[in-house]
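Secondary and tertiary structure notes
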Amino acid sequence: MKEPIVKLCGNRSLSDVAKTSSSQASHLGFVFVRRTKRYVRPEYVGRWVKKIRPRQKIVGVFIEPTIEEIEEILHFVPLDVIQLHGNETVSQLLRIKEAFGLPVWKVVHHQSDGIKQMEVFRGVADGYIVDSKVDGVSGGTGVRFDWESVPTYQKESFDQGVPCLIAGGIKPENVTKLLHYRPDGIDLSSGIEIEDGKDIGKIQAIMKEVEQNVASIS
Ligand SMILES: O=C(O)c1ccccc1N[C@@H]1O[C@H](COP(=O)(O)O)[C@@H](O)[C@H]1O
């Protein structure tokens, strides 16, 4: 069985990056959405990444960014993936892809038209993240959605030939249940934190569950 993508998101300090990068996760995420709890200044992220040199791919999280905003971030941070977590349109996504040539993952908030949202981005998005829908909050909610819908999202993504990550309220206590649905990837932020920082115990517990799950079905 293919190892799932594991994205550890919402890194806010050098200490966070030291912890998340020491794990077997495949991706580290940084939130560049101003006025949100986990916003980080790109110049700081640039410094942390230069110092630690993580082997993981780096994902930048944005909500409806302008080309100039992404350009500014890229000046400091060597992004591998751009994550769009808002109500971006297909043409905005295309412009971003053309401007930077980087893979773009589109977030779909789980609701009745979730699959329709994915269909709209067919052939354009390089991957999807399905996150919970919480009124007034875009992401990092710590709230999970009904995972019985995961196979439907997985199927649509598979048909489009791109990966589908699941986000929203994943934590060591519930990740095994989610892994039974065999998602292409998982994406966590609140579930690996204690107070305002990442917690190595929770990160290790998540990675252990992932490894055991892969081993049990290989
Ligand atoms: O983490 C944030 O604060 C955040 C803010 C704005 C947009 C996206 C954000 N994070 C994304 O939310 C999910 C993880 O949420 P959870 O805390 O594990 O429930 C993930 O996609 C992050 O990239």
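Residues numbered from 1 in each chain as written. Predicted model: local features only at pLDDT ≥ 70, side-chain atom pairs only at ≥ 80, totals over all residues. Heavy atoms only, no water.

Naming follows an unreviewed UniProt entry, where the chain appears as N-(5'-phosphoribosyl)anthranilate isomerase of Halobacillus aidingensis. If you open the UniProt record of the chain and go to Catalytic activity (unreviewed entry), you find "N-(5-phospho-beta-D-ribosyl)anthranilate = 1-(2-carboxyphenylamino)-1-deoxy-D-ribulose 5-phosphate". Turning to the chain, the UniProt annotation filed under Pathway (unreviewed entry) states: "Amino-acid biosynthesis; L-tryptophan biosynthesis; L-tryptophan from chorismate: step 3/5." (UniProt positions renumbered as here; feature names shortened; annotations may be inferred.)

This brings us to the packing of aromatic side chains. Under the counting rule described, the total for this entry stands at three aromatic pairs. Between Phe32 and Phe62, the ring centres sit 5.7 Å apart and the planes meet at 35°, which makes this aromatic pair tilted. Of this pair, Phe32 sits in the loop between strand E2 (27-31) and helix H2 (42-52) while Phe62 sits in strand E3 (residues 57-62), and the two are 30 residues apart along the sequence. The pair Phe32 / Phe62 is uniform in exposure class, with both members buried. Aromatic pair Tyr44 and Trp48: ring centres 6.4 Å apart, planes at 40°, arrangement tilted. Of this pair, Tyr44 and Trp48 both sit in helix H2, separated by four residues, roughly a single helical turn. (Phe/Tyr/Trp six-rings, centres within 6.5 Å; stacked < 30°, edge-to-face > 60°. Helix = DSSP H or I, 4+ residues; strand = E, 2+ residues; numbered from the N terminus. Buried < 20%, exposed > 50% of the residue type's maximum accessible area, 1.4 Å probe, protein only.)

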